[in-house]
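One letter stands for each residue in the lines below.
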Amino acid sequence: MEEPAGNESDGEDVQEPPEPTSQYMQLPTPEQQQHCIAAFIDATNNEALESAVCVICMRELLRKEGDLHVIKDILHVRRHLSPAEVHAAHQLWDGLLIASTCIDEGGQGWVCQECHRALRANRMPKYAMNNNLWIGDILLALQKLQFVESLLVAQHYPRCYVFKLYPRDASRAQNPHHLQRAMAGNVTLYEINVPAVVDMLEGRLLLQSVETLSSVLAIMLVGTKQLPKSWLSRTFRVHCDVVLEALKWLQANNENYNDVTISEEHINMLPVDGIPAEIEATI
Ligand SMILES: [Zn+2]
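Under an unreviewed UniProt entry, the name given to the protein chain is DUF6570 domain-containing protein, and the organism recorded is Pisolithus tinctorius Marx 270.

Draft legend 1. Up close: the overall build of the protein chain. Tallying secondary structure elements over the protein chain gives 12 helices and 11 strands in all. Burial status across the protein chain gives 32% buried among its 283 residues. Contacts spanning at least 24 positions in sequence make up 73% of the contacts within the protein chain whose residues lie at least 6 apart.

Draft legend 2. Region of the structure containing the coordination of the zinc ion. Protein-derived ligands of the zinc ion are Cys 54 (SG), Cys 57 (SG), Cys 112 (SG) and Cys 115 (SG), with the metal-ligand distances lying across 2.3 Å. Coordination geometry of the zinc ion: the 4 donor atoms subtend angles of 99 to 120° at the metal centre, consistent with an arrangement described as tetrahedral. Read in sequence order, the donor residues coordinating the zinc ion give the pattern C-x2-C-x54-C-x2-C. One end of the pair, Cys 57, is in the loop between β1 (51–53) and β2 (60–62); the other, Cys 112, is in strand β4 (residues 108–112), and 55 residues separate them in sequence. Each member of the pair Cys 57 and Cys 112 is classed as buried.

Draft legend 3. Structural view of the nonpolar core. Formed by 30 residues in total, the largest nonpolar core has its most connected members in Val 148, Leu 217, Phe 236 and Ile 279. When residues of this core are traced back to their parent elements, those giving at least two are α6 (147–153), β5 (159–167), α8 (210–216), β8 (217–221), α9 (229–236) and α10 (240–253). Of the residues forming this core, the biggest block, 6 residues, is contributed by α10. Not counting residues within four places of it along the chain, the set of residues in contact with Leu 217 comprises Phe 147, Val 148, Leu 151, Tyr 161, Phe 163, Phe 236, Ile 279 and Thr 282. With 21 residues, the next largest nonpolar core counts Cys 54, Val 55, Ile 98 and Ala 128 among its residues.

Draft legend 4. Spotlight on unusual backbone geometry. Positive phi outside glycine occurs at His 76, with the angle close to 60°. With respect to the helices, strands and loops of the structure, His 76 is situated in the loop between β3 (66–70) and α3 (77–81). Despite not being glycine, Asn 132 has its phi angle at roughly 60°, a positive value. Accessibility expressed as a relative area gives 76% for Asn 132, which makes it exposed.

Draft legend 5. Looking closely at the confidence of the model for the protein chain. Per-chain confidence: the protein chain averages 79 in pLDDT, with 73% of residues scoring 70 or above. Note that pLDDT drops below 50 for residues 1–12; the model gives that stretch 0 contacts with residues more than four away or on any other chain.

Draft legend 6. Summary view of the pairing of β4. β4 sits mainly inside the fold: 4 of its 5 residues count as buried. In the sheet, β3 pairs with β4 via 5 bridges, with the strands oriented antiparallel. Within β4, the position partnered with Leu 68 by the bridge is Trp 110.

Draft legend 7. A look at the environment of Arg 117. Topologically, Arg 117 is positioned in helix α4 (residues 113–120). Between the alpha carbons of Arg 117 and Leu 75 there is a distance of 9.8 Å; along the sequence they are 42 residues apart.

Draft legend 8. Here's a closer look at the pattern of salt bridges. For the coordinates displayed, the defined rule picks out 6 salt bridges. For Glu 114, the salt bridge goes to Arg 59, with nearest N and O atoms at 3.1 Å. Of this pair, Glu 114 sits in helix α4 while Arg 59 sits in the loop between β1 and β2, and the two are 55 residues apart along the sequence. The partly exposed category is assigned to Glu 114, whose relative accessible area is 34%. Residue Arg 59 is classed as partly exposed on the basis of its relative accessible area, which comes to 24%. A cluster of three or more residues bridged by salt bridges with shared partners is formed by Lys 72, Arg 78 and Asp 94.

The rules behind the values
- Residues numbered from 1 in each chain as written.
- Predicted model: local features only at pLDDT ≥ 70, side-chain atom pairs only at ≥ 80, totals over all residues.
- Heavy atoms only, no water.
- Helix = DSSP H or I, 4+ residues; strand = E, 2+ residues; numbered from the N terminus.
- Buried < 20%, exposed > 50% of the residue type's maximum accessible area, 1.4 Å probe, protein only.
- Contact = heavy atoms within 4.5 Å.
- Donors = N, O, S within 2.8 Å, 3.2 Å for Na, K, Ca; no water.
- Tetrahedral: all angles 85-135°; square planar, octahedral: opposite > 155°, others 65-115°.
- Core = buried A, V, L, I, M, F, W, Y, C linked by side-chain atoms within 4.5 Å.
- pLDDT = per-residue confidence, 0-100.
- Pairing = 2+ DSSP bridges.
- Salt bridge = Lys/Arg side-chain N within 4 Å of Asp/Glu carboxyl O.

So this is what it looks like as structure tokens:
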């Protein structure tokens, strides 16, 4: 190989490298590297990322975003966190609607800065359970409902949903079977024509027929013509038994569902475990 031009190899005339100044890119020194590694560890260790649940708003936040407080000593706490109406399922702590199970024996609980600031300023914390956000425990029968299943037992549709999904790496030509099962996407909500949907529904007959889904739900796939069905099953799967169980529970326990009639015909149209053909047709 030829010597690069201008490289003197005669020993005595070897040029010193230029003094480093700010205009040259420099490699970090070992000390700087150590400093960066230490800073990274400090910012990402278990202690830095530890989370806590605020006893007032029940949000899970980073522990550094709040503090332990003696609840009784927080200013205006009684004024804003005593429920105006007591519900049978409330678990009050000393008359306050807060997460009673998270208060220790000394009456201390972790409170986020936002809730604490609001109370100190004599304001209702925006996300406090006592700000009409308490919903109690969610029954298992309802917890199990996936998105499409919740549409099937709903009585009203204030929005319709447009799912736009695309493979994470849509820029390359690809065979969907060679991709990981990762989909990215977004959901757009539109105001719906409520009277038209009301006309379409059959009075107090539930669950909704699967055809209803195509009126409130649309799915767009971007960047791929065909997609293995298994990719969609996580989000859009329907279990017939889960829907029926939820509906029966609502019928027995929710006054808005007391007078509904469960439609055997509609239930029989649901898949035992799969994506309804009506949803596939909207893709
Ligand atoms: Zn809070």
